[in-house]
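# Residue-level structure breakdown
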Amino acid sequence: MTIEITPLKPDSPELEICAAWRYEAFLKSCGYSLDENGAQLAKLATQPDEYETALIALADGHLAGICLLVLREFEPLHDVSPWLASLYVAPEFRKRGVARMLVAAIEEQARGHGVARLHFYTGDAEKFYLKCGWSLAEQGVADGEPYAFMIRDL
Ligand SMILES: CC(C)(COP(=O)(O)OP(=O)(O)OC[C@H]1O[C@@H](n2cnc3c(N)ncnc32)[C@H](O)[C@@H]1OP(=O)(O)O)[C@@H](O)C(=O)NCCC(=O)NCCS
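Read on for a plain summary of the structure. Remember, predicted model here, so these are calculated numbers, not experimental data. (Residues numbered from 1 in each chain as written. Predicted model: local features only at pLDDT ≥ 70, side-chain atom pairs only at ≥ 80, totals over all residues.)

## A closer look at the overall build of the chain
On a plain count of helices and strands, the chain comes out with four helices and seven strands. Going from N to C terminus, the chain has its helices and strands arranged as β-α-α-β-β-β-α-β-α-β-β. On C-alpha atoms alone, the chain measures out to a radius of gyration of 15 Å, which is about the 15 Å that the 2.2 N^0.38 rule sets for 154 residues. Oriented by its inertia axes, the alpha-carbon framework of the chain measures out at about 40 × 30 × 30 Å. Here the chain holds 154 residues, and the buried ones make up 29% of them. Within the chain, residue pairs in contact and separated by at least 24 positions form 58% of the contacts whose partners lie at least 6 positions apart. (Helix = DSSP H or I, 4+ residues; strand = E, 2+ residues; numbered from the N terminus. Rg over C-alpha atoms; globule rule 2.2 N^0.38 Å. Buried ≥ 20, exposed ≤ 12 C-beta atoms within 10 Å, placed from the backbone. Contact = placed C-beta atoms within 7 Å.)

## Some points on the site of the ligand
What surrounds the ligand is a group of 17 residues, the closest being Arg 94, Ala 99, Arg 100, Lys 127 and Phe 128. Broken down by secondary-structure element, the contributors of at least two residues to the shell around the ligand are β4 (83–89), α3 (98–112) and α4 (126–131). (Near = placed C-beta within 6 Å.)

Have a look at this one:
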């Protein structure tokens, strides 16, 4: 399987699929609408050369996953920036290194812009990030849900 990491393009079929993934996996439970989520992704997709970005993984040409680099996280508990966000790999492409490649590409993008430290919240994928070289900065409970605040020094 050949995995290619590439910027998400505006007005692409991939954008719609990624918006649906992101909504179902992360935003629906927080009360955000699918439309505003799609608009946010479209904005990220139109500025691929800017600091913030949306990267997708294509596995043998098929959309396999997405990951974002953003300045602001949704309702952050910590006043820091920037953030890796919305890492998602389609179930049929999991456990084949797609997420690891997406995280490495986001780190590279951040490093290229002089970022010294990336941040991320996860509910239950802490071990995945530890495997990717991230560190656990804090664990807690917010709105009744456990979270791990992870950091990556670049
Ligand atoms: C978590 C997720 C992104 C992992 O994607 P993936 O492409 O399967 O991950 P990779 O194949 O790159 O895995 C890299 C390593 O992490 C491990 N790993 C993957 N998911 C893991 C998890 N949830 N917990 C612990 N380890 C995990 C893999 O076994 C692999 O280890 P290895 O290199 O020793 O074999 C994917 O399961 C997903 O999209 N889940 C739903 C959304 C989600 O939870 N996103 C995370 C942000 S909260």
